[in-house]
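# Per-entry structural report
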Amino acid sequence: MTRQLWAPWRLEYIRQADELEGCVFCLAASGEDEEMLVVHRGETAFVLLNKFPYASGHLMVAPHRHAGDFAGLTDAEALEAHRLAADGMTALSATFAPEGYNVGWNLGRVAGAGIVDHVHLHVVPRWSGDTNFMPVLADVKVLPEHLAETRAKLAAAWPT
Ligand SMILES: [Zn+2]
């Protein structure tokens, strides 16, 4: 049985995506971990929490380089992005024990990408009780605190 995740705050994000100044991934790549919700930094790519998550612990992996062309990723970037996604799942499993994951690249606005000119890999943890779990997150006012706490937990659980 497949259930559609319900994440109303995504609408705000999609509305804002065209108005944002600068690239959020480049800002995060050069920014401070806590403020930018960066969970882990690798050699060529890094991992951050999605501020507008589909589910608690929704991670994104992006190359440090501002690259909008998926085919243009270097071998090192492509490999590390997937290794970091796997490490992210290890940290998520240890922290939140999800029962499954959706992992993928949304390329192009029509495919659901909010930021189209800096490619990124989504790691979305899933629980069989997704729809029971989601209302906890639906209160947007609670979300920033929740994200800071989630970031700290995942950073601490990151495999070495
Ligand atoms: Zn960028």
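Definitions and limits used
Residues numbered from 1 in each chain as written. Predicted model: local features only at pLDDT ≥ 70, side-chain atom pairs only at ≥ 80, totals over all residues. Heavy atoms only, no water. Donors = N, O, S within 2.8 Å, 3.2 Å for Na, K, Ca; no water. Tetrahedral: all angles 85-135°; square planar, octahedral: opposite > 155°, others 65-115°. Helix = DSSP H or I, 4+ residues; strand = E, 2+ residues; numbered from the N terminus. Phe/Tyr/Trp six-rings, centres within 6.5 Å; stacked < 30°, edge-to-face > 60°. Buried < 20%, exposed > 50% of the residue type's maximum accessible area, 1.4 Å probe, protein only. Core = buried A, V, L, I, M, F, W, Y, C linked by side-chain atoms within 4.5 Å. Contact = heavy atoms within 4.5 Å. pLDDT = per-residue confidence, 0-100. Salt bridge = Lys/Arg side-chain N within 4 Å of Asp/Glu carboxyl O.

### Some points on the coordination of the zinc ion
Donor atoms from the polypeptide that bind the zinc ion are Cys-23 (SG), Cys-26 (SG), His-66 (ND1) and His-118 (ND1), placed at 2.0 to 2.3 Å. Each of the four donor atoms around the zinc ion contributes to a set of angles spanning 99 to 119 degrees, which defines the coordination as tetrahedral. Sequence spacing among the residues donating to the zinc ion works out to C-x2-C-x39-H-x51-H. With Cys-26 in helix H2 (residues 24–30) and His-118 in the loop between strand E4 (100–105) and strand E5 (121–126), this residue pair connects regions lying 92 residues apart in the sequence.

### Some details on the packing of aromatic side chains
Taken as a whole and assessed by the stated rule, the structure comprises one aromatic pair. On the numbers, 5.0 Å between centres and 65 degrees between planes, the contact of Phe-70 with Trp-105 is edge-to-face. Linking Phe-70 in the loop between strand E3 (59–63) and helix H4 (75–96) with Trp-105 in strand E4, this pair joins segments that are 35 residues apart in sequence. Among the residues examined, Phe-70 registers a relative accessible area of 37% and is labelled partly exposed.

### Structural notes on the nonpolar core
Counting 21 residues, the largest nonpolar core has Val-39, Val-47, Leu-49, Leu-59, Val-61 and Leu-154 as the members making the most contacts within it. Those elements that provide at least two residues to this core are strand E2 (45–49), E3, H4, E5 and helix H6 (143–156). Counting residues per element, this core draws most heavily on H4, which supplies five residues. Every residue in contact with Leu-59, bar those within four places of it in the chain, is listed here: Val-39, Val-47, Leu-48, Leu-49, Gly-88, Leu-92, Leu-121, His-122, Val-123 and Leu-154. Grouped together as the second largest cluster of nonpolar side chains are ten residues, Cys-23, Phe-25, Met-36 and Met-60 included.

### Remarks on the confidence of the model for the chain
For the chain, per-residue confidence averages 84 on the pLDDT scale, and residues scoring 70 or more make up 76% of the total. The least confident element of the chain is helix H5 (residues 130–137), whose mean pLDDT is 50; the most confident is strand E1 (residues 38–41), at 98. Overall, residues 132–142 carries pLDDT values under 50, and its contacts beyond four positions in sequence, including any with other chains, amount to 15 contacts.

### Observations regarding the pattern of salt bridges
Oppositely charged side chains can form a pair if their charged atoms are brought close together. One pass over the full model with this rule turns up four salt bridges. A salt bridge links Arg-41 to Asp-33, with the nearest nitrogen and oxygen atoms 2.8 Å apart. Take Arg-41: its relative accessible area is 29%, and that puts it in the partly exposed class.

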